[in-house]
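Next come the chains, spelled out residue by residue.
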Amino acid sequence: MNKEKSMFSPIKAWKYLVRRPVTVLMKDIFDNPREASDRYRGFHQNDWEKCLGCGTCSRICPTNAIEMLPVEGLEKKEGYKSERPAFDYGRCSFCAICVDICPSDSLNMSKEYLHLSKDADTFYFMPDSTGIHKDSRAHGYLRDGDSELLDLERYAMELEPVDRKKSFMEIVKGYSMEKALAESARCVECGICTETCPAHMNIPEYIRSVWKGDMKEAMSWLYKTNPLANVCGRICTHKCEGVCALGHRGEAIAIRWLKRFIVDNTSEDLYDEAALEFVIEPVNGKVAVVGSGPSGLSCAYYLRTLGYEVDVYEEKALPGGVIRYGGPEYRLPEESVLKDIGIIEKAGVKFIVNTKVGRDVSLDKLRDEYDAVFLGTGFSLSRELKIPGYEHEDVAYAIPFLGQTRDYLRNLAKMPEVHEKTVVIGGGNVAFDVGRTLIRLQQTKYNKDFVSMAALEHRGILPCDIEELEEGEEEGIKGHFGYGPAEIVIKDGKIQGLKVQKVISIFDEEGRFNPSYDPTDSFVIEATQVFIATGQRPEYAYLDEEMLSKITMERGQLKTGAHGQLENYPWLFAGGDIVQGPDIITGVANGHSSAEGIDAYLRSIKK
Amino acid sequence: MKEVKLFLGPQHPGMHGNYSVHMYVDGDIINKSRPTPGFLHRGFEKLMERRHWMGNLALIPRICVPEPDINEMVYAMGVEALAGIEVPEKAHWIRMLVLEMARIAVHVMGLGFIGGPTGMYTATYWAIAQRDLILDLFEELTGARIYHMYIVPGGVRKDIPEGFLQRVIDVIDELETKIPEYEELILKHPVIHARIKDNIMLPAEVVWELGVTGIGMRSSTGKANDLRKVKPYARYDQVEFEVPTADYSDALTRMNVKVRELYQSIGIVRQVIAKMPVEGAVNVPVAAGNALRWTVPAGMVYSAIESSRGEYGYLIVSDGREMPYRIAVRGASYPQGLLGIEKYLKGYRIDDASLWMDTMGVCSPEIDR
């Protein structure tokens, strides 16, 4: 470009006199402060009602500007941590990656971009929804579907097609390596699951191990808190998934299936190495465990890692309790049970089967022979339902029926009596176990199935897991939910059906279980055989009268001190369903805790 | 006369960024010059090895402050190549829009900043004000004025806000009417001519010797070497534009080429807006899982684009984990900004030194990286 040299050049400048100046007066800036754009990444705002305290923001932060700090006085809610993020604006780079990954959607950025203070400490603060200046300015940057940084959808678990009901084959196929890695990559490692799990399993840790592909490390994490990894990988009530941070905006991580993936995909030598790593010589004493259910097995295993000799007394012919005789084969195959019990046997635990404490051997004798005794006898009896007709011979109970079915599949018993048309009373997981087992037995015997179900609760509040309901209905269970049993209709000595009536409410005004019905809305469910699955109860035949009088009971469960230790009987510990629960993982947790309690007790009296 | 050592920068109105040149002068003639980089050295490359693939997004724009988007683009292109991801069509066009807007902003600023070393601050203020209008657009699109953190591996972070494209058109229309004024004020001005015409030379043989790319290369060798043309990325093969060249090596020629590029970029922005798909996704995830666990398959890739100063590239090495194994940055100003100063600044006058920095296209953090 050539230079312009003209005598008029200086005059040209005059035209700018009438132009709007490029610069802006400070007065205008103060009088009309500019508002930032709608996406502006200003100082943070955090909605404390929504915030889980999961700390994902803190872990993703590329500048380490976010610290999770405990907040005193914050109401403790399950699935929420009492921590909230604090931001150091000396470090923050205002990238908003924390906003994009926030699982609870509580975090966003504001339009505020000015903060002036002589006090440097004010640049470090814990924002709530009112932001840095506590004046609730408008939202700036928000996460949307495009800027999402979480993987919200669960990698679907494949089930066998509905023909599965023709056999007792395991219905859940399990993850492939590829899917397990992808599923484990969804975890944000917040550890809320660990807090909620009764056994406080190291869930984020073992999921990370899966993600790294290190199965031995994953196994070690499992056995730190749970020696029934096969069982819990299949039939755990998975409270962890209920509180998973990912579940707030998407689907919870398939924690249970990942656990199953670990046990199914670890070679036997690595498995044994990890599971038996901390088992030591039995030099510290001798402990009896009564009952070989989840709590007893867990207690026995951890006592072995603490150096005790352990004998487990079991009433039945095979050890395992509910995992041997309760959970149905199509959910919990025999190999899985054998694997878990096998490891506990390898750990040096001795099983004394066909021996019922209180009948074949007394608790007093155990007390004399052992340093301490753990009671884990579980809920071994069915709760009766005394409606008209309940004493009929074609009325069966869940617990013996499920037990006999498992023995039948082991060729140790004959097939349980099953009619062509049956009805199950109950709406929990056990009721579905009974219903779905019935379908399989009917398919075997009659090549067709007919199972109805009646439960007090309506569909939305059934106590069973949602998968049980969905899969059960897919297999053909005809549910009558919200209808309570009124009478077993008997004609000419034969059951004709179950008369049910509409439930108005399940609990009375004081919150006690006391269902009320609408007798005008009733009908008869056609069936010739009735199964009752309305709950289980404990049996305390081994406790003599003196002990019963000295032990506090609450709703059929024993009241214990820390680690399951019984008041007045320091040598006696209890856990599992007879103390807490009922469920398997609580039993495992109790067993572990009692093992530690027994160890502490025995050490204390040796001094 | 006794030789005197003078420091140019890091605090100096004619200095670009925190950079320093030690000059040994005799009278006002530079006898020897030593570039002193490092004031902006945060160890970007090393820091990247300790951050998640997504987290690096907050770091890399800082490698070139006036034109941060090129970092995001080469990083994203490299990661996408390693991960084998196909970027959605719309994202390609949005990326081009961002890159060209950034080029316009940086060229306008480069044009006006010549006012610093020549004492004509009007040009600087005009340029800053003009650039701010583009920064307003960036703020609206990305949420920030300077560090956009918008082009991400897999696409772009968010879709275009409603009415945004019209506002882009308004701003570039207005800019187009202003460019002749800049030309009049700067490129036709006798004072500027006196300072940069036939001065601050970058001869073709120096270009080949040092490996200078960009405007420096194109204006002295006549070679239309622009990666947007010779190795098109995004959708540059679907827009029409020319690569301005010249065959004289003084600073004035370089400034003229810069203005002609500005017009080309304005043309590209208009075409992008016309051709951009209305619907469609703007990104795809890099890998399964959440951003804390994104992994990129093991491998090595060099990705490069045409920045306002020349070829800008990242060599990215992944070992398959959630963080890069190694990233090396090829800053476009490295040859002239480091080697050039050392070897070819001597012989010029003291007051030419900052013009040298200005017209060669030097961005100091990309030398320090």
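The rules behind each value
Residues numbered from 1 in each chain as written. Chains lettered and ligands numbered in written order. Predicted model: local features only at pLDDT ≥ 70, side-chain atom pairs only at ≥ 80, totals over all residues. Heavy atoms only, no water. Pairing = 2+ DSSP bridges. Helix = DSSP H or I, 4+ residues; strand = E, 2+ residues; numbered from the N terminus. Core = buried A, V, L, I, M, F, W, Y, C linked by side-chain atoms within 4.5 Å. Buried < 20%, exposed > 50% of the residue type's maximum accessible area, 1.4 Å probe, protein only. Contact = heavy atoms within 4.5 Å. Right-handed = clockwise from strand over helix to strand, strands pointing away. Domains from an automatic or database assignment. Buried area = accessible area lost by both parts, 1.4 Å probe. Salt bridge = Lys/Arg side-chain N within 4 Å of Asp/Glu carboxyl O. Polar contact = N/O pair within 3.5 Å; in protein donor to acceptor, adjacent residues only side chain to side chain. Nonpolar A, V, L, I, M, F, W, Y, C, P; charged D, E, K, R; others polar. Phe/Tyr/Trp six-rings, centres within 6.5 Å; stacked < 30°, edge-to-face > 60°. Axes fitted to C-alpha atoms, helices over the stretch in contact; angles between N-to-C directions. Parallel < 35°, antiparallel > 145°, perpendicular 65-115°, else oblique.

**Student:** Honestly, the pairing of strand β17 (residues 513-526) of chain A in this entry has me stumped. Any pointers?
**Tutor:** In regular strands, side chains alternate between the two faces of the sheet. Bridge analysis of strand β16 (residues 494-507) of chain A against β17(A) gives nine bridges, and the strand direction is antiparallel. Residue pairing across strands places A:Val500 opposite A:Phe523, the latter belonging to β17(A).

**Student:** Even after reading the chapter, I still don't get the nonpolar core, so can you show me in this structure?
**Tutor:** Note on soluble globular proteins: their nonpolar side chains tend to be buried together. By size, the foremost hydrophobic cluster in this structure holds 250 residues, and its most contacted members are A:Leu363, A:Leu366, A:Leu375, B:Ile186 and B:Tyr314. Those residues in contact with B:Tyr314 that lie beyond four places of it in its chain are B:Ile60, B:Ile63, B:Asn71, B:Val74, B:Tyr75, B:Val301, B:Tyr302, B:Ser303, B:Ile327, B:Ala328 and B:Val329. Grouped together as the second largest cluster of nonpolar side chains are 18 residues, A:Ile66, A:Tyr89, A:Cys92 and A:Val99 included.

**Student:** Can you walk me through the pairing of strand β6 (residues 285-290) of chain A in this structure?
**Tutor:** All names here are of chain A. Within β6, five of the six residues are buried, leaving the element largely enclosed by the surrounding structure. Summarising the sheet, β6 and strand β7 (residues 308-313) pair through six bridges and their orientation is parallel. Counted as the bridge partner of Val287 is Val310 from β7. Crossover connection from β6 via helix α13 (residues 294-305) to parallel β7: handedness right-handed. Judged from the four bridges that link them, β6 and strand β9 (residues 372-375) form a sheet pairing that is parallel. Looking at β9, one finds that Val290 is bridged to Leu375.

**Student:** How do you make sense of the domain arrangement of chain A when you look at a structure like this?
**Tutor:** How big an interface is tends to be expressed through the accessible area that disappears when the partners come together. All names here are of chain A. As assigned here, chain A comprises domain 1 (30-150), domain 2 (175-275), domain 3 (285-380 + 538-606) and domain 4 (383-536). Between domain 1 and domain 2, the residue contacts involve 17 residues of the former and twelve residues of the latter. With both sides pooled, the region where domain 1 packs onto domain 2 buries about 1200 Å², and carbon together with sulfur makes up 57% of that total. Seen at the junction of domain 1 and domain 2, the total is two salt bridges. For the salt bridge of Lys76 with Glu195, the shortest nitrogen-to-oxygen distance reads 3.6 Å. Across the contact surface, domain 1 and domain 2 share five residue pairs in polar contact (both at pLDDT 80 or more).

**Student:** I'm lost on the interface of chain B and chain A in this one. Help?
**Tutor:** The interface of chain B with chain A comprises 47 residues on the first partner and 46 residues on the second. For the chain B face of the interface with chain A, the top three residues by lost area are B:Arg157, B:Lys158 and B:Arg293, together amounting to 22%. Taking the shortest distance from any N to any O, the salt bridge between B:Glu139 and A:Arg34 comes out at 2.8 Å. Joining chain B to chain A, the criterion identifies 25 residue pairs in polar contact (both at pLDDT 80 or more). Secondary structure elements with two or more residues in the side of chain B that touches chain A: α5 (121-142), α6 (164-187), α7 (190-196) and α11 (251-275) of chain B. Looking at the side of chain B that touches chain A element by element, the count peaks at eight residues for α5(B). For the side of chain B that touches chain A, a count of residues per class yields 20 nonpolar, eleven polar and 16 charged.

**Student:** So what exactly am I meant to see when it comes to the packing of aromatic side chains here?
**Tutor:** Each aromatic ring pair is described using two quantities: the centre-to-centre distance and the angle formed by the ring planes. Residue and element names in this part refer to chain A. All chains considered together, the criterion is met by 25 aromatic pairs over all chains. Judged by centre distance (6.2 Å) and plane angle (90°), the rings of Tyr313 and Tyr370 are edge-to-face. On the criterion of sequence distance, the pair formed by Tyr313 in strand β7 and Tyr370 in the loop between α16 (363-369) and β9 is long-range, its members being 57 residues apart. The exposure classification of Tyr313 matches that of Tyr370, with both residues buried.

**Student:** I keep staring at the pattern of salt bridges and nothing clicks. Help me out?
**Tutor:** A pair can form between side chains of opposite charge whenever their charged atoms are brought close. Taken as a whole, this structure holds 80 salt bridges over all chains when the rule is applied. Note that A:Arg34 and B:Asp136 form a salt bridge whose closest N and O atoms lie 3.4 Å from each other. A residue pair is termed interchain when its members come from two chains, as with A:Arg34 in the loop between α2 (26-31) and β1 (44-46) and B:Asp136 in helix α5. Taking relative accessible area as the criterion, B:Asp136 reaches 29% and is therefore assigned partly exposed. Between B:Lys90 and B:Asp159 there is a salt bridge; the shortest N-O distance is 3.0 Å. With B:Lys90 in helix α3 (residues 89-112) and B:Asp159 in the loop between β5 (155-156) and α6, this residue pair connects regions lying 69 residues apart in the sequence. What makes B:Lys90 buried here is its relative accessible area of 7%. When salt bridges with common partners are traced through the structure, they connect A:Arg164, A:Arg331, A:Arg436, A:Arg440, A:Glu468, A:Glu471, A:Glu474 and A:Glu475 into a single cluster.

**Student:** What's the story with the packing of helix α7 (residues 203-212) of chain A against helix α8 (residues 215-225) of chain A in this structure? I'm lost.
**Tutor:** A packed helix pair is summarised by two numbers, namely the angle formed by the two axes and the spacing between the axes. All names here are of chain A. Close contact between α7 and α8 brings their axes to 8 Å; oriented N to C, the two are set at 170°. Regarding the angle of α7 to α8, the classification is roughly antiparallel. Counting all contacts with α7, which are made through Glu205, Tyr206, Ser209, Val210 and Lys212, the residues of α8 involved are Met215, Glu217, Ala218, Trp221 and Leu222. By residue class, the composition of the contact of α7 with α8 is six nonpolar, one polar and three charged.

**Student:** Explain unusual backbone geometry here, please?
**Tutor:** Note: most residues except glycine have negative phi, and most peptide bonds are trans. Cis geometry is found at the peptide bond from B:Gly9 to B:Pro10, where omega equals 5°. With respect to the helices, strands and loops of the structure, B:Pro10 is situated in the loop between β1 (4-8) and β2 (20-26). Of note in the backbone geometry, A:Asn64 takes a positive phi value of approximately 55° without being a glycine. Relative to the elements of secondary structure, A:Asn64 occurs in the loop between α3 (56-60) and β2 (66-70). Of note, the phi angle at A:Asn411 is positive, near 60°, even though the residue is not glycine. Turning to its location among the elements, A:Asn411 is positioned in the loop between α17 (398-409) and β12 (422-425).

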